[in-house]
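Given next are the chains, with one letter for each unit.
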Amino acid sequence: MRLKDKIAIVTGGARGIGEAIAALFAQEGATVIIIDLLEQGAEVAKRIVAKGGRASYHNVSVTDKQGIETLFAAVHKKYGKIDILINNAGITKDRTLEKMSMEEWDAVVEVNLKGVFICTQAVAPYMKAKRYGRIVSAASNVGLRGNFGQTNYAATKAGVIAMSKTWTMELGKYGITANAVAPGFTLTDMVAQIPEPHMEAIKASIPLKKVARPMDIAYGYLYLASDEAQFVSGICLTIDGGMSR
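So, how was this worked out
- Residues numbered from 1 in each chain as written.
- Predicted model: local features only at pLDDT ≥ 70, side-chain atom pairs only at ≥ 80, totals over all residues.
- Heavy atoms only, no water.
- Helix = DSSP H or I, 4+ residues; strand = E, 2+ residues; numbered from the N terminus.
- Rg over C-alpha atoms; globule rule 2.2 N^0.38 Å.
- Buried < 20%, exposed > 50% of the residue type's maximum accessible area, 1.4 Å probe, protein only.
- Contact = heavy atoms within 4.5 Å.
- Lys, Arg positive; Asp, Glu negative; His and termini not counted.
- Charge placed at Lys NZ, Arg CZ, Asp CG, Glu CD.
- Axes fitted to C-alpha atoms, helices over the stretch in contact; angles between N-to-C directions.
- Parallel < 35°, antiparallel > 145°, perpendicular 65-115°, else oblique.
- Left-handed = near helix turned anticlockwise from the far one by under 90°.
- Nonpolar A, V, L, I, M, F, W, Y, C, P; charged D, E, K, R; others polar.
- Expected span 1.5 Å × (residues − 1).
- Polar contact = N/O pair within 3.5 Å; in protein donor to acceptor, adjacent residues only side chain to side chain.
- Core = buried A, V, L, I, M, F, W, Y, C linked by side-chain atoms within 4.5 Å.
- Salt bridge = Lys/Arg side-chain N within 4 Å of Asp/Glu carboxyl O.

Draft legend 1. Examining the overall build of the protein chain more closely. On a plain count of helices and strands, the protein chain comes out with eight helices and seven strands. Its C-alpha radius of gyration of 17 Å places the protein chain within 12% of the 18 Å reference for a compact globule of 245 residues. Taken along the three principal axes of its C-alpha coordinates, the protein chain extends 50 × 35 × 35 Å. Out of the 245 residues belonging to the protein chain, those deemed buried represent 50%. Counting contacts in the protein chain only where the partners sit at least 6 residues apart, residues at least 24 apart contribute 71% of the total. Across the protein chain, 29 positive and 23 negative side-chain charges occur, with their mean positions spaced 6 Å apart.

Draft legend 2. Layout of the side chain of S164. Topologically, S164 is positioned in helix α6 (residues 151–171). Leaving out residues up to four positions away in the same chain, S164 has contacts with S137, A178, N179, A180 and G234.

Draft legend 3. Main features of the packing of helix α1 (residues 16–27) against helix α2 (residues 40–50). Where α1 meets α2, the closest approach of the two axes is 10 Å, and the angle between their N-to-C directions is 25°. In terms of axis orientation, α1 runs roughly parallel to α2. Regarding α1 and α2, the two cross each other, and that crossing is right-handed. Between α1 and α2, the residues in contact are E19, A22, A23 and A26 and V44, R47 and I48, respectively. Split by residue class, the contact of α1 with α2 holds five nonpolar, no polar and two charged.

Draft legend 4. Layout of helix α8 (residues 214–225). Compared with an ideal rise of 1.5 Å per residue, which puts twelve residues at 16 Å, α8 spans 17 Å between its outermost C-alpha atoms and is within 8% of the ideal. Every buried residue belonging to α8 is among P214, I217, A218, G220, Y221, L222, L224 and A225, and all of these are buried. Contacts made by the buried residues of α8 are with α1, β4 (84–87), β5 (133–138), β6 (176–183) and β7 (236–239).

Draft legend 5. Main features of the packing of α1 against α8. The contact between α1 and α8 brings their axes to 8 Å, and the two run at 55°. Our classification of the angle between α1 and α8 gives oblique. When the axes of α1 and α8 are compared, the crossing they make is right-handed. Of the residues in α8, those touching α1 at G16, I17, A20, I21, L24 and F25 are P214, M215, I217, A218, Y219, Y221, L222 and A225.

Draft legend 6. Examining the side chain of N152 more closely. Within the secondary structure, N152 is located in helix α6. A distance of 3.0 Å separates a polar atom in the side chain of N152 from the backbone oxygen of K93. Apart from the residues lying within four places of it in its own chain, the contact partners of N152 are K93, M100, E104, W105 and V108.

Draft legend 7. The nonpolar core, seen in detail. I21, F25, V32, I34, I86 and Y221 are the most contacted members of the largest nonpolar core, which totals 33 residues. The set of elements that each furnish at least two residues to this core consists of β1 (7–11), α1, β2 (31–35), α2, β3 (54–58), β4, β5 and α8. For this core, the element with the most residues is α1, which contributes seven residues. The next biggest cluster of nonpolar side chains, apart from the first, holds 31 residues, and it includes I9, L85, A139 and A180.

Draft legend 8. Representation of unusual backbone geometry in the model. In this structure, D5 takes a positive phi of about 65° despite not being glycine. Within the fold, D5 resides in the segment before β1. Even without glycine at this site, R131 takes up a positive phi of about 55°. You can see R131 is positioned in the loop between α4 (102–130) and β5.

Draft legend 9. Examining the pattern of salt bridges more closely. Inspection of every chain in the model, using the stated rule, returns eleven salt bridges. With its nearest N and O atoms 3.6 Å apart, the salt bridge here joins R134 to D227. Of this pair, R134 sits in strand β5 while D227 sits in the loop between α8 and β7; the two residues are 93 residues apart in sequence, bridging distant segments of the chain. Here R134 falls in the buried class, since its relative accessible area comes to 3%. Classification of D227 by relative accessible area gives partly exposed; the value is 37%. In the salt-bridge network here, residues are joined through shared partners; they are K6, R134 and D227.

Spelled out as structure tokens, the structure:
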């Protein structure tokens, strides 16, 4: 039970990588607070509880500063601490540079960058008071190498990496670590709709010749959120089958 009795907040926990993180953390002993605008987050929490775990679902946007602060205060009041924050919520609105609208740029920056900032700013005082915390945020290998048609997404993911390094310097003396995870191509529900010929081409471009499962990424989050990683801070853990070698 690597997360026994830990209180973990997981944003974007209703599906994909976030769902895998929530399920794995609960399996490892954490009480999981799932935050997502997708109502299927409630079903994720129910499945966790049905398996003997502890989880709850909350419909709050990570861009809602007051809503996040209110929820985090309620979580802290109930449990007396918040040990782990997983900043997983994110969106894409892909378009090439010259075709990208300001609405598409702003929407991605609002969730992927500002949302991570809002949640981390809200949790920091509770972690500082306890002199313990694990902050792990979703970057992407796109934030390291760029990607065609993803100016907005790549910029936010690079920003998450930089913010994590900054928080390491600001919060480290309080026993708080801050890290990022950079997944590569992962077999989520959306990716499952890709035609087979295109999927085979994608697999061929990855040195390991396969795409990640959400749980492959979740295990990286588990390590960084655990006490085993107490001396690991300010890193970006790339999990992409060797694409960013």
